[in-house]
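Chain residues, written in single-letter form:
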Amino acid sequence: MNAEGTCAGCPRRDFLKTLVALTGAGAVGGSFAAPLPPAVPAERIPGKKGALKVRVVFAFNTKEEVQTSPDWPNRGFDFRPVMKNMVDALNAGVKDVEFLVGKASSEEDGRKIAEADQASGDIVGYVVVQMNPWHRAVFGLVASGRPVLYTSLPYAGDGGWLIYDSDLRRKNVRGYESICSFDFGHVVAMAGAFAKLRTGTPDDFAAAARATRLSLTPAPSGRRVREDALRCLTPAETLAKVKGLRILVLGSGWGDDEAAMANDFGVVIEHCEFSELNALWEKVTEARARPLLDDWKRSALDIVDVSDDVLLGVARMYFAMEDLLRAHGAAALTIDCLGACYSGKIKAYPCLGFMELQDRGLMGTCESDIASLLTMLVFGAMTGRIGFISDPALDAGTRSIVYAHCVSTRRFFGKSGPVSAYEIHTHAEDREGASVRALGPVGFPVTTVKIIARKRVIGLHTAVTTGNDPDSRACRTKIVAEIPGDYEKMSRSWDILDWHRVTFYGDFAPAVKALAEKLGYELVLES
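So, here is what we can say about the structure in this document.

The rules behind the values
- Residues numbered from 1 in each chain as written.
- Predicted model: local features only at pLDDT ≥ 70, side-chain atom pairs only at ≥ 80, totals over all residues.
- Heavy atoms only, no water.
- Axes fitted to C-alpha atoms, helices over the stretch in contact; angles between N-to-C directions.
- Helix = DSSP H or I, 4+ residues; strand = E, 2+ residues; numbered from the N terminus.
- Parallel < 35°, antiparallel > 145°, perpendicular 65-115°, else oblique.
- Left-handed = near helix turned anticlockwise from the far one by under 90°.
- Contact = heavy atoms within 4.5 Å.
- Nonpolar A, V, L, I, M, F, W, Y, C, P; charged D, E, K, R; others polar.
- Pairing = 2+ DSSP bridges.
- Buried < 20%, exposed > 50% of the residue type's maximum accessible area, 1.4 Å probe, protein only.
- Arc of directions from axis to C-beta.
- Polar contact = N/O pair within 3.5 Å; in protein donor to acceptor, adjacent residues only side chain to side chain.
- Core = buried A, V, L, I, M, F, W, Y, C linked by side-chain atoms within 4.5 Å.
- Lys, Arg positive; Asp, Glu negative; His and termini not counted.
- Salt bridge = Lys/Arg side-chain N within 4 Å of Asp/Glu carboxyl O.

## A few points about the packing of helix 16 (residues 370–383) against helix 18 (residues 509–519)
Step number 1: Viewed as axis vectors pointing N to C, helix 16 and helix 18 meet at an angle of 120°, and their least axial separation amounts to 12 Å. Classified by the angle their axes make, helix 16 and helix 18 are oblique. For helix 16 against helix 18, the interelement crossing comes out right-handed. On helix 18, the residues touching Val378, Phe379 and Met382 of helix 16 are Ala511, Val512 and Leu515.
Step number 2: Taken together, the residues of the contact of helix 16 with helix 18 break down into six nonpolar, no polar and no charged.

Structural data, given as structure tokens:
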């Protein structure tokens, strides 16, 4: 699209051609989707007289068994049948162990459950299921000293599971094991290790559970990777290109040490008020915004549950953000978008506006995540590619990682590269506003990175894209990739690098290593 927001050689038919060529038919059809545990017929659940007792503790906002708040998995999600099906599956699938139910919203809740179980004396261990991201019940249960098997409902508790699991593994907690798999049958298989506690120790449980998990993780497929020629700038050239770039920040969110960012990378960080953005939004006329709205309607594969009125407000937000960048001479901005939307501090969701900025070589990102925005700028300068910030989820059962977010570029190979197909949906967690589901090209190598200046670290892993998951839970864009490297390491560094990652098409791991060496940063190899 050109600067006025009208289509420049990218009609719907070109999107469809790009879709067929790059994403493959299965990417739209939804061949990869995270299933919820199916119901288990009552006759399949045996009696458990004399069985060991294990409590299944669901970690989530226990005041919202039908979720009302905007969080993973999404507003309106009903946890009750999912919890029942999980407990039924465990009781049907594991002999000589009876699984009971617990619910907790906090570490203190977990500790109280453990104390009550200590008093009763009949609970030998816990299965902890992370159902929302940020409820720390697992720590209160681990502190009991009883064995713990820790897992997550896919596209629901993933962020908390990744960070808390990394922390617990770093502490070498005795009797602890974990898995994040989209097949709940894998959790059932690992839970069979609780039977070891009849005669064995917590260490025996952990060893048996770990052996099961390793057996369930497939070896690398060795799939063919598409060619992708990529020339990278040197570390010196990269830093020279980034030096002096101005970043605008609106609101608070995923922060970092701004002084370290400025000192090490030469960027200039400026905080702006929402009132300035709103004033610019008010000035954007319908005549200016309408062509962009019409282009979205022509070029999107589908628009689901988003009205023209909403899209018009979102188009005005794009131009307001572009005007804000121009007024400050800035190259990038990041906004505490959800907090601002829910508190009425901004006029419209910025997700599609971020997409437009990124496609045109400017950077716009959500959640006031300056660390990920810096990562986008640095490695975008190095590669000429546009990064995709995500909230990742792991699936050990397919050796996969899913990069998920409601913001994405459509030009994964750079602003002059091909345009990928996309759909427009509501923002996933709250089912309001408008966001993008971009279909990432399949079969290509990708490099995922994260700079944390305050810790002087750069995280790095590589993968190969395999599909796009249409599941409606959590974020809209979900690019699926296989990890060819050491999958065991994939769950070990999230407590260091936080949840967000930035993924670029192309394999440029050697260039990342060279940059870390020049900066004197620690390189955290995640796979």
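From this point, the narrative continues.
## Let's talk about the sheet that holds strand 9 (residues 363–366)
Step number 1: The sheet built from four strands is open, its strands ordered 7-6-8-9 with parallel pairing. Bordering the open sheet on either side are strand 7 (268–271) and strand 9, each of which pairs with just one other strand. For this sheet, the mean angle separating the axes of adjacent strands, direction not counted, is 20°.
Step number 2: With four bridges connecting them, strand 8 (residues 332–335) and strand 9 associate as parallel partners. Paired with Thr334 across the strands is Thr365, a residue of strand 9.

## A short note on helix 10 (residues 258–265)
Step number 1: Of all the residues in helix 10, the buried ones are Ala260, Met261, Asp264 and Phe265. Burial along helix 10 is one-sided: seen end-on, the buried residues are contained in an arc of 100°. For helix 10, the exposed residues lying more than 90 degrees away from the buried face are Ala259 and Asn263.
Step number 2: One side-chain oxygen of the residue at the start of helix 10 lies 3.0 Å from the amide nitrogen of Ala259, identifying that residue as Asp257.
Step number 3: Following helix 10 by one or two positions, Gly266 has its phi on the positive side, about 75°.

## Overview of the nonpolar core
Proteins that are soluble and globular tend to have nonpolar side chains buried together.
Step number 1: In this structure, Phe99, Phe194, Trp296 and Leu333 are the most contacted members of the largest nonpolar core, which totals 135 residues.
Step number 2: Looking at this core, the element that brings in the most residues is helix 13 (residues 308–328), giving eleven residues.
Step number 3: The next biggest cluster of nonpolar side chains, apart from the first, holds 37 residues, and it includes Leu374, Met376, Ala381 and Val512.

## Some thoughts on the side chain of Asp430
Step number 1: The residue Asp430 is located in the loop between strand 12 (422–427) and strand 13 (432–438) in this model.
Step number 2: For the buried residue Asp430, which engages in no salt bridge, the nearest side chain bearing the opposite charge is Arg75, 5.4 Å off.
Step number 3: Here Tyr342 takes part through its side chain, which lies 2.6 Å from a polar atom of the side chain of Asp430.
Step number 4: For Asp430, the contacting residues outside a window of four places in its chain are Pro70, Arg75, Tyr342 and Tyr349.

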